[in-house]
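# Descriptive analysis of the structure
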Amino acid sequence: MRSDRLLSLLLLLQSHGRLPAPELARRLEVSVRTVLRDVEALSAAGIPVYTERGRHGGIALLAGFRTDVTGMTADEARALFVLLTGDTHASLGLGAAAGSALRKIMAALPAPHREAADLVARRIIVDPVRWRTGASVVDLSTLQEAVFTDRRLRLRYRSGDAPAPAERVVDPYGLVEKAGVWYLVADRDGEPRLYRADRVVAAAVLDAPAQRRNTTLADEWEVLRARVDDFPARLTVRVRVAPAVLARFALMHRAELLSPVPADTAEPVELELRFAATAAARTLLAFGTDVTVLSPKSVVTDLAEVSAATAAHYAASR
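Let me sum up the structure you'll find in this document. Just so it is clear, the model here is predicted, and its values are computed rather than measured.

Time to look at the pairing of strand S5 (residues 151–157). In this sheet, strand S9 (residues 200–209) lies alongside S5 in antiparallel orientation, the contact comprising six bridges. What sits directly across from Tyr157, in S9, is Val200. Pairing between S5 and strand S6 (residues 166–178): five bridges, direction antiparallel. Counted as the bridge partner of Leu153 is Val170 from S6.

Over its 13 residues, helix H9 (residues 217–229) extends 18 Å from the first C-alpha to the last, a length consistent with the 18 Å expected when each residue adds 1.5 Å. Here H9 has its buried residues at Glu220, Trp221 and Leu224. Along the axis of H9, the buried positions cluster into a sector of 100°, meaning they face one direction only. Considering only its buried residues, H9 is in contact with S6, strand S7 (181–188) and strand S8 (191–196).

Moving on to the sheet that holds S9. Overall, antiparallel pairing links the five strands, which are arranged S8-S7-S6-S5-S9 in an open sheet. Taken across any chain shown, the strands that pair with only one partner, and hence form the sheet edges, are S8 and S9. The average undirected angle you get between the axes of adjacent strands in this sheet is 45°. Across six bridges, S7 lies against S8 in antiparallel orientation. Bridge pairing links Ala186 to Arg193 in S8. H9 contacts S6, S7 and S8 of the sheet and is inclined by roughly 100° relative to S6.

Further remarks concern the sheet that holds strand S11 (residues 269–275). With respect to topology, three strands assemble into an open sheet ordered S11-S10-S12, the strand pairing being antiparallel. Strand pairing shows two members of the sheet lacking a second neighbour, S11 and strand S12 (291–295), which therefore form its edges. Between one strand axis and the next, the sheet turns by 35° as a mean value, whatever way the strands run. Sheet topology places strand S10 (residues 235–241) next to S12; four bridges connect them, and they run antiparallel. Opposite Arg240, over in S12, you have Thr292 as the bridge partner.

Turning our eyes to something else, we now look at unusual backbone geometry. Most of the time, phi is negative for any residue but glycine, and the peptide bond is trans. Here the amide bond leading from Ser295 into Pro296 is cis, since omega sits at 0°, within 30 degrees of zero. Examined against the element boundaries, Pro296 turns out to sit in the loop between S12 and helix H11 (297–316). Here Glu29, not a glycine, exhibits a phi torsion of approximately 60°, which is positive. In this structure, Glu29 sits in the loop between helix H2 (21–28) and helix H3 (32–44).

Calculation criteria
- Residues numbered from 1 in each chain as written.
- Predicted model: local features only at pLDDT ≥ 70, side-chain atom pairs only at ≥ 80, totals over all residues.
- Heavy atoms only, no water.
- Pairing = 2+ DSSP bridges.
- Helix = DSSP H or I, 4+ residues; strand = E, 2+ residues; numbered from the N terminus.
- Expected span 1.5 Å × (residues − 1).
- Buried < 20%, exposed > 50% of the residue type's maximum accessible area, 1.4 Å probe, protein only.
- Arc of directions from axis to C-beta.
- Contact = heavy atoms within 4.5 Å.
- Axes fitted to C-alpha atoms, helices over the stretch in contact; angles between N-to-C directions.

Next up, the structure:
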């Protein structure tokens, strides 16, 4: 399309300064006559482009002329500079590269957009890591190598409910970060699986090529994410909460609460929550004696055992 060619011509002149018409024609894969017609079109559109005859002549832009060739709006420029915390890029070994890229984009932005973009960078931070998730930055180098070289992976992986790590061979599609936690999306025996990177005890890239199905990382992630999102939470837990911690409790467990929380009370409040499994209810231990679990018995027993084991561990370490 001619509009694409005109933009390419403008970019070449901005990047290289003066260029002979035959050189521009070669780079754009058109005739010299077409280049000259394009130069006339740019000039008619108000672009200060001119030609110089002679041995050292050529086509050039007026000195100091720059244009916003990206067509980027002010809102788009600000959106680029809403900064994520460094953990995401650092996990991939790209922390320094991300900072360098932002600096280059800032330098290339039209002057009217720079101040707004800089203000956003200094005033807004997006931290994707949720409080108290236990998420950590893990070494993703081996997983990345398998992903980018399309090779199989041998993992020693610790499942959430398994007593010990187990070995398995997987065919990776890619890596996904969700709320500060990295996941490996991979096929195992031809079926899609999701592996938390911080549960990988050991990993080795194999010589064999990955044997993936004819699908994409994005498609497989949608399927796996939906399985987790749609998983029914079947465990209802009844608790008694002291008024001193009620506001903090409601904030921390707003996703699990089934009961309305009174706005102001001086008495303990009984509430119902819904968890996916008994182990998920262990977050209640963070409130100590200010939260008493009333039912079911399985949760009461589990929390008592965890609390006793924790106390024994600290007593032994003294």
